[in-house]
Amino acid sequence: MTQKLVVIGAGMASGRMLEELVDLAPDAYDLTLFGAEPHGNYNRIMLSPVLAGETPWQEIITHDADWYHTNNVTCRFGEDVVKIDRKQKQVISAGGVTDYDKLVIATGSASFFIPVAGKDLPGVVGFRDYGDVEKMLAAAQKPEGRAVIIGGGLLGLEAAAGLHEQGMDVTVLHLMGHLMERQLDPAAGYLLQKELESRGIKVVCRAHTRAILGKDHVEAVVLEDDTIIAADLVVMAAGIRPETRIATDAGLHVERGIVVDDAMATSDPDIMAVGECVEHNETVYGLVAPLYDMAKVLARTLVNQAASFVPPMVSTKLKVTGVELFSVGDFCEGDDREEIVFRDPSRGVYKRLILENDRIIGVVMYGDTADSSWFFAKLKSADDISEIRDTLIYGPAFQGGEAHDPLAFIAAMSGDTEICGCNGVCKGIIVSAINAGAHDLAAIKATTKASASCGSCAGALEQVLAVTLGDDYAASTPQPVCGCTRLTHEEIRQEIKSKALKSIPAVMQECGWTTSCGCATCRPALNYYMIAEWPLEYVDDSQSRFVNERNHANIQKDGTYSVLPRMWGGMTTPDELRAIADAADKYNVPAVKVTGGQRIDLLGIQREDLPSVWADLNAAGLVSGHAYSKGLRTVKTCVGTDFCRFGTQDSTGLGIKLEKILWGSWTPHKVKLAVSGCPRNCSEATCKDVGIICVDGGYEVSVAGAAGMELLETQPLAKVTTEQEVIDLTVAFIQLYREHARYLDRPYKWVAKVGMGWVRERVVDDLQERAELCERFEISQSVYRKDPWAEQAKPEYEQSKWAPLADLILEAAE
Amino acid sequence: MSNLIDIAALTDIPKRGARVVKTGHGCVAIFRTIGDRVFAIDDACPHKNGSLSEGIVHGNAVTCPLHNWVIDLESGQTQGGEEGSVSTYEITVKDGRILLDTTSLQK
Ligand code: SRM
Ligand SMILES: Cc1cc2nc3c(=O)[nH]c(=O)nc-3n(C[C@H](O)[C@H](O)[C@H](O)COP(=O)(O)OP(=O)(O)OC[C@H]3O[C@@H](n4cnc5c(N)ncnc54)[C@H](O)[C@@H]3O)c2cc1C
Ligand code: SF4
Ligand code: FES
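Residues numbered from 1 in each chain as written. Chains lettered and ligands numbered in written order. Predicted model: local features only at pLDDT ≥ 70, side-chain atom pairs only at ≥ 80, totals over all residues. Heavy atoms only, no water.

Trainee: An account of the overall build of chain B is needed here, citing residue identities and associated values.
Mentor: On a plain count of helices and strands, chain B comes out with one helix and 11 strands. In sequence order, chain B lays out its α and β elements as β-β-β-β-β-β-β-β-β-β-β-α. Out of the 107 residues belonging to chain B, those deemed buried represent 58%. Restricting to contacts in chain B with at least 6 residues of sequence separation, those with at least 24 account for 38%. (Helix = DSSP H or I, 4+ residues; strand = E, 2+ residues; numbered from the N terminus. Buried < 20%, exposed > 50% of the residue type's maximum accessible area, 1.4 Å probe, protein only. Contact = heavy atoms within 4.5 Å.)

Trainee: Summarise the pattern of salt bridges; cite the residues concerned and give the values.
Mentor: What the rule picks out here adds up to 48 salt bridges over all chains. The network of salt bridges with common partners includes Lys194(A), Glu495(A), Lys499(A) and Glu510(A). (Salt bridge = Lys/Arg side-chain N within 4 Å of Asp/Glu carboxyl O.)

Trainee: Quick rundown of the pairing of strand 16 (residues 233–236) of chain A? Include the residues and the values.
Mentor: Residues and elements named next belong to chain A. Side chains of strand 16 alternate between two faces, with Leu233 and Val235 and Val234 and Met236 buried alike. Where strand 9 (residues 124–126) and strand 16 come together, three bridges link them in parallel fashion. In the sheet register, Gly126 faces strand 16, and the bridge partner there is Met236. Two strands pair when backbone bridges link them, and strand 10 (residues 146–150) and strand 16 are joined in this way by four bridges, in the parallel orientation. Bridging from a neighbouring strand, Ala147 pairs with Leu233 of strand 16. (Pairing = 2+ DSSP bridges.)

Trainee: Let's hear about the packing of helix 15 (residues 489–498) of chain A against helix 17 (residues 522–533) of chain A: which residues, and what values?
Mentor: All names here are of chain A. Viewed as axis vectors pointing N to C, helix 15 and helix 17 meet at an angle of 40 degrees, and their least axial separation amounts to 11 Å. Classified by the angle between their axes, helix 15 and helix 17 sit oblique to one another. When the axes of helix 15 and helix 17 are compared, the crossing they make is right-handed. From helix 15, His489, Ile492, Arg493, Ile496 and Lys497 reach across to helix 17, where they touch Ala525, Leu526, Tyr528, Tyr529, Met530, Ala532 and Glu533. (Axes fitted to C-alpha atoms, helices over the stretch in contact; angles between N-to-C directions. Parallel < 35°, antiparallel > 145°, perpendicular 65-115°, else oblique. Left-handed = near helix turned anticlockwise from the far one by under 90°.)

Trainee: Summarise the sheet that holds strand 38 (residues 715–720) of chain A; cite the residues concerned and give the values.
Mentor: All names here are of chain A. In spatial order, the strands read 32-33-34-35-38; together these five strands make up an open sheet with mixed pairing. The strands lining the two open edges of the sheet, one partner per strand, are strand 32 (632–637) and strand 38. The sheet shows a mean angle of 15 degrees between the axes of neighbouring strands, direction not considered. Summarising the sheet, strand 32 and strand 33 (residues 671–676) pair through four bridges and their orientation is parallel. For Lys636, the partnering residue across the bridge sits in strand 33 and is Ala674. Sheet strands in contact with helix 24 (residues 756–765) are strand 35 (698–703) and strand 38, and its direction is about 25 degrees off that of strand 38.

Trainee: Describe the sheet that holds strand 6 (residues 96–99) of chain A, naming the residues involved and giving the relevant values.
Mentor: Residues and elements named next belong to chain A. Read from one edge to the other, the open sheet built from three strands follows the order 4-5-6, with strand pairing classed as antiparallel. Strands with a single pairing partner mark the edges of an open sheet, and in this sheet they are strand 4 (81–85) and strand 6. Within the sheet, the average angular offset between the axes of one strand and its neighbour, ignoring direction, is 25 degrees. With four bridges joining them, strand 5 (residues 90–93) and strand 6 adopt antiparallel strand pairing. Opposite Ser93, over in strand 6, you have Gly96 as the bridge partner.

Trainee: Quick rundown of helix 22 (residues 723–740) of chain A? Include the residues and the values.
Mentor: Across its 18 residues, helix 22 of chain A extends 26 Å between first and last C-alpha, which sits within 8% of the 26 Å expected from 1.5 Å per residue. In terms of burial, helix 22 of chain A is largely enclosed, as 14 of its 18 residues are buried. (Expected span 1.5 Å × (residues − 1).)

Trainee: I'd love a proper account of the packing of aromatic side chains, names of residues and values included.
Mentor: Residue and element names in this part refer to chain A. The tally for this structure, following the rule as stated, stands at 15 aromatic pairs over all chains. Note on Tyr68 and Phe77: the rings are 5.3 Å apart at their centroids and 65 degrees apart in plane angle, and the pair reads as edge-to-face. Both rings, one in Tyr737 and one in Trp750, keep their centres 5.6 Å apart while their planes meet at 55 degrees; by these two values the pair is tilted. Taken as a pair, Tyr737 in helix 22 and Trp750 in helix 23 (residues 747–754) lie far apart in primary sequence, 13 residues in all. Relative accessible area serves as the criterion here: at 0%, Tyr737 is assigned to the buried category. The exposure class assigned to Trp750 is buried, which follows from its relative accessible area of 3%. Connected via pairs of aromatic rings, a cluster forms that spans Phe733, Tyr737, Trp750 and Trp758. Sitting over the ring of Phe112, Arg241 keeps its end group 4.0 Å from the ring centre. Above the plane of the ring of Phe646 lies Arg680, whose end atom (NZ or CZ) is 3.5 Å from the centre. (Phe/Tyr/Trp six-rings, centres within 6.5 Å; stacked < 30°, edge-to-face > 60°. Lys NZ or Arg CZ within 6 Å of the ring centre and 35° of its normal.)

Trainee: A description of the confidence of the model for chain B should follow, citing residues and the corresponding values.
Mentor: For chain B, the mean per-residue pLDDT works out to 91, and 96% of the residues sit at or above 70. Here the complex is predicted with pTM 0.59, and the ipTM for its interfaces comes to 0.75. (pLDDT = per-residue confidence, 0-100.)

Trainee: A description of the environment of Arg566(A) should follow, citing residues and the corresponding values.
Mentor: All names here are of chain A. With respect to the element layout, Arg566 can be found in the loop between strand 29 (561–563) and helix 19 (574–586). The buried category is assigned to Arg566, whose relative accessible area is 1%. With 33 residues separating them in the primary sequence, Arg566 and Arg599 have C-alpha atoms 7.0 Å apart. With residues up to four places along the chain from it excluded, the contact list for Arg566 reads Arg599, Leu622, Val623, Ser624, Gly625, His626, Leu632, Arg633, Glu659 and Trp663. There is a polar contact of 3.1 Å between the side chain of Arg566 and the backbone oxygen of Ser624. Within the local environment of Arg566, its side chain forms a polar contact with the side chain of His626, the two groups lying 3.0 Å apart. (Polar contact = N/O pair within 3.5 Å; in protein donor to acceptor, adjacent residues only side chain to side chain.)

Trainee: Give a detailed account of the site of ligand 1, specifying residues and quantitative values.
Mentor: Residues and elements named next belong to chain A. Near ligand 1 lie 21 residues; those nearest to it are Gln556, Thr595, Gly596, Arg599 and Lys670. Gly708 has a polar backbone atom sitting 3.4 Å from an oxygen atom of ligand 1. Elements with a minimum of two residues in the shell around ligand 1: strand 31 (600–605) and strand 32. Looking at the shell around ligand 1 residue by residue, the class counts come to four nonpolar, nine polar and eight charged. (Near = heavy atom within 4 Å. Nonpolar A, V, L, I, M, F, W, Y, C, P; charged D, E, K, R; others polar.)

Trainee: Explain the pairing of strand 4 (residues 38–42) of chain B to me, and be specific about the residues and the numbers.
Mentor: All names here are of chain B. With five of five residues buried, strand 4 is to be regarded as a mostly interior element. The pairing of strand 3 (residues 26–32) with strand 4 spans five bridges and is classified as antiparallel. Pairing of Phe31 across the sheet is with Phe39, part of strand 4. The antiparallel hairpin formed by strand 3 and strand 4 contains five residues in its connecting segment, where Asp36 sits at a positive phi of about 65 degrees. Pairing analysis gives two bridges linking strand 4 to strand 9 (residues 88–89), with the strands arranged antiparallel. Considered in strand 9, the bridge of Ile41 is made with Thr88.

Trainee: Any chance you could break down the side chain of Asp232(A) for me, citing the residues and the numbers?
Mentor: Residues and elements named next belong to chain A. Counting through the fold element by element, Asp232 comes out in the loop between strand 15 (228–230) and strand 16. A distance of 2.9 Å separates polar atoms of two side chains, one belonging to Asp232 and the other to Lys142. Only 2.7 Å separates the side chain of Asp232 from the backbone nitrogen of Arg146, close enough to count as a polar contact. The residues touching Asp232, leaving out its near neighbours within four places in the chain, are Gly123, Lys142, Glu144, Gly145, Arg146, His217 and Val218.

Printed below as a string of structure tokens:
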């Protein structure tokens, strides 16, 4: 009698397995196929184009009634198997009991619903089967319907693109810092986000969903930061979980998936499993290529041929029309690894090859994936690429053989070859400009516009200069920020503004960074530029902060810290002093010192004590003095009219007002102020970044002094009559400095570059500009005028930041 | 012989960041790079003992917070002409958990 083979799950893996099986041995088994869905096997992958309306549902059905009939498959569609009885060798379903000799479990995966309130409301769907697609298409019927997709991976983005095509207003919420982080590095993730946004799809990264709201149907999604996003449809695309329930109930060995050996047998020799529901060698799979290989192996196992499953290398492509994206292999960095990065910002192309021992081990491509199969083939065959390394990234078309001298290459280029893609400038035009006297990059840029946009052709321009001028050529490039880029600080700030670059990876991509995540020089600078340009949108990147700014205290040479609370305008009270003294006692502070900035420093505090020291000081009303920041430090004052017989104005009061307005702001370098009550200048205002001298009938505001490594007297900015004018001038000056200075230039250095005249025009003469500068400063301060200590002392920081990751001393003791 | 101890989840360390594990031989800094590689080295700079876990992490290197020496995380060697190195320890990530080989700690 023919053996009975029962298959549970009519999905992609079982479909392929059945095809292989009937090819190998058409009559080996009496076949029964159970499927929970109301229809037979279909090409699940193509649900995305079905959702987008690009492919009709009928076209993705892989096995029709005819096929099952011809191959003698008894179909039990729309019928869940609820139990496997291994003793009796039976499966149990709504239709009763079915005997088996051999059983195949191919139950695939189920959408993972993140455990938040409201996840079970009508209108919340997964994206797994045609039923889900039908629900989404129904929701898209509603005019101006809004969809929120939770999850910015492959599935989520295909759902987003599809629903957008269906006319819905779509927002993607993604937990991580960039889209598809499992397949893409940040640069490619950024390009993808930009592309989706340009189509009108909203993308929110680092979005933590708190709950889904609604009474009897979903109405909105609320995030941890209280943002509420209205929604008529919520698609859960936050991951999948292998569907293993019946296997677990049957007592099979199940870990993350149903554990199988190389031949696809489970812990019960009569039960096999295949597809996403299995775990092989501690790995579960989520793409079809390996599942097809499993299906092949299983078919052979079922007809007693030896076969074993070898996991293939799997590549990823995103099926969103118009988005070209490819990734395969390992794209982490490593010391023994090298990378070749190619960026063409104007075309939105990014390619990165990761090499180890002269072999390609990973490929990420965005924008132009024409050569992906060639790279993938090289990766799979582990070809030694050292011979063609120089031209490798350009793909197969460039593999002529001999390595070339880049200058010879440039020299041989015809006059009409385009050098600057952004501005369409050809080599011939550049050569004419050089011959007419443009002998450096700046002059070429000014006369031809070449490199005036993204700047990534600057290197090629340099080579044209060298070739054209021959011996007269002397490298004359302005200093770039660091070794990671060719651009200067000023050029980068310009790019950030003109292209609305809102994240560090975005800048690195658009400005052609040559390293994947920058260095200790450029990252803090970029982080500042982001804060200054996008105060409301940008999320501070604490990993791009120097230690002091990350830990909100000054590190000392022995690894302890100093803690320096604010004393507004140098004023204090007995209560504050007591709190400082108490903290000094309680935390065994080795040194208490009055600083040169009119306040008291607690030196030598242990790192792990910082949060409690701050909490104690906070309780007494003291806040961070930012003695560690590139930001506002102190406003020194003298006693002024309140007590001094020479005082002309309330210098102490004005100093306190200024400090309360300015504190917490981040600036290119530190900023110090002082207000003196008369020209005797007891607060040393004339060597500060901004100094105010009170005089009879008014105030003299001067700026750009220095008393550190250089000594410079301030230069007069303006003389005014009211406190409000002093405040406005000061704020406008500092905002202008924030918007234009390069990172780590004190105001005196910056003013020397732009000129006092230029500053006065904007801050003093142009009242409208002054008002706008003040307004922009205030917008930024709405975010940053807060005490970082209070924030950092919160209990949630304790475990994630201040506590050690683990304590093995204790472990050893136990 | 190795003796792997589960010390934390990979996500307990921020990308391009580090945290320390206290051991009988002083603190060991555990780094996580942007590409999710994990390294363990002594938390003391060969220059003047700067706490390397407080440095800025870039690529597979860290810049010391005190005087900007750059240390390669994989080899423990200083880069850029400075002389010196720090001890490195065996560490791996499995299923999102960080496992530290404590036998290498005792060397
Ligand atoms: C605590 C204090 C010395 C004191 O005991 O009085 C101090 C301490 C430090 N100063 Fe200062 N400066 C202190 C007032 C000054 C002053 C005087 C003033 O503010 O009136 C100056 C000259 C004015 C000026 O800023 O131009 C001053 C000019 C510097 C400089 C040189 C800046 C320059 O542009 O040339 C540096 C180096 C730097 O910032 O790059 C510096 C850097 C430092 C650092 C932060 C060095 C560092 O990066 O670790 C010191 C931290 C020591 C520690 O371990 O905590 N400190 N420093 C003073 C804190 C004032 C406050 O209450 O915030
Ligand atoms: C929208 C979308 C796009 C995708 N795009 C790609 C892509 O581009 N490239 C790629 O490689 N992969 C892609 N995938 C993944 C791919 O579809 C899966 O890897 C593949 O379908 C898994 O095959 P499977 O047979 O293991 O599971 P499935 O195809 O899910 O089949 C399992 C079947 O078993 C049924 N079932 C479960 N439990 C029971 C039970 N107890 N009784 C009866 N029946 C049961 C389920 O209803 C389901 O029909 C995509 C997936 C989706 C959803
Ligand atoms: S002058 Fe400033 S930087 Fe120099 S040792 Fe004194 S506190 Fe430190
Ligand atoms: S202690 Fe590390 S560089 Fe000096």
